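Here's the letter readout for the chains.
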Amino acid sequence: MTTMNYRLLGRSGLRVSDFGLGTMTFGATSGWGVTAQVARELYEVYRAAGGNYLDTANQYAGGESERIVGQLVAGHREEVVIATKYTNSAPRDGDANAGGNQRKNMAQSIEASLRRLGTDYVDLYIVHSWDLLTPVEEVMRGLDDLVRAGKVLYAGVSNTPAWVVAKSNTLAELRGWSRYVGLQIEYNLLGRGAEAEYLPMAQDQGLSILAWSPLKNGLLTGKYAAGGGQGSRLTTEMWNSPRLAWADPHGTASGPAVEELVRCAKALGVSAAQLALAWLRHRPVHVVPILGATSATQLAENLAAVDVRLAPEQVARLDEASEVPLPYPHHYLASSMARSFRSAGMYERISR
């Protein structure tokens, strides 16, 4: 039976399980969501494996996801870590403050989330995305006020440039405010762009990575490469819209990274999905993959990835097959010429 362990979330004392349970599909009605009954089945499988981190948002299923999460944890709220988000909102009668990072939306959103969740506090409150408008001072002071009021225990951030996150945490430290402890970003074998800025920043700032779409919307299960995947969310009208071009499987479903993943998985006697999740757990920073599932069987199989151990050479093979070019200045800084210049020709003789 799969049994998860726990690690501290970022520079905090909060213990979170090896995998988180994503609840974006809970109550969704777009052809790929799950009912409250299926959500309960998923939750029970997750809890039986030792899982304690639930990831939701005010926007998911128009708030229905939060309501279902609240029902699931009723009677044992203190045993779980609930993370929810604010920023995004559906248009609301011309209300310019219905979305965004500003204090007004933050205050309104936390109260609405607490009502739907049926709790008086949220363990981790996450800025869902940077709105390009609100000053970081306003965001960090607003989050700190929520922490001081006891409505939020810790703060996190998602879909925000690395420089903004670093500036926000530095400002918070200087002013004695609550810092971000978790960074939620897309990170997987087919999406390694985060390694240029986000991972070094997370190491420097003491942030745990909360990885959404750890299986790249199912592409890393290998089923699309084999001609499968019919009926999955990537085949629905919503996920094939031009607005979600990043989720389009064309060109990546059977590329070298997936081919190597499937090959290595067969050699290890595990599924491609399990190997892709195990690879995330072998990164140089603490990564918590956020698992989404539509059946208890699927979730149980993915949770079993916690027992998959990889040798350094196996990690290296997957790294090489999925490697992406680093943007400037990283490729320049990594060049032998630049290394030689900045170390006076003694790079190999200087300890790091």
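Just so it is clear, the model here is predicted, and its values are computed rather than measured.

A. Representation of the packing of aromatic side chains. This model, assessed by the stated rule, comprises 3 aromatic pairs. Their ring planes at 85 degrees and their centres at 5.7 Å tell us that W130 and W163 sit as a pair that is edge-to-face. With W130 in the loop between strand 6 (122–127) and helix 4 (136–148) and W163 in helix 5 (residues 162–175), the pair connects residues that are 33 residues apart, well separated along the chain. Under the relative-accessibility criterion, W130 is labelled partly exposed at 24%. Exposure remark for W163: the relative accessible area of 54% places this residue in the exposed category. With a centroid separation of 5.7 Å and an interplanar angle of 50 degrees, the aromatic rings of Y187 and W279 are classed as tilted. One end of the pair, Y187, is in the loop between strand 8 (180–186) and helix 6 (198–205); the other, W279, is in helix 8 (residues 272–280), with 92 residues separating them in the sequence. Given the relative accessible area of 0%, W279 is considered buried. Sitting over the face of the ring of Y121, R77 holds its NZ or CZ atom 4.0 Å from the ring centroid. Directly above the ring of Y347 sits R339, whose terminal nitrogen or CZ lies 4.8 Å from the centroid.

Criteria and thresholds
Residues numbered from 1 in each chain as written. Predicted model: local features only at pLDDT ≥ 70, side-chain atom pairs only at ≥ 80, totals over all residues. Heavy atoms only, no water. Phe/Tyr/Trp six-rings, centres within 6.5 Å; stacked < 30°, edge-to-face > 60°. Helix = DSSP H or I, 4+ residues; strand = E, 2+ residues; numbered from the N terminus. Buried < 20%, exposed > 50% of the residue type's maximum accessible area, 1.4 Å probe, protein only. Lys NZ or Arg CZ within 6 Å of the ring centre and 35° of its normal.

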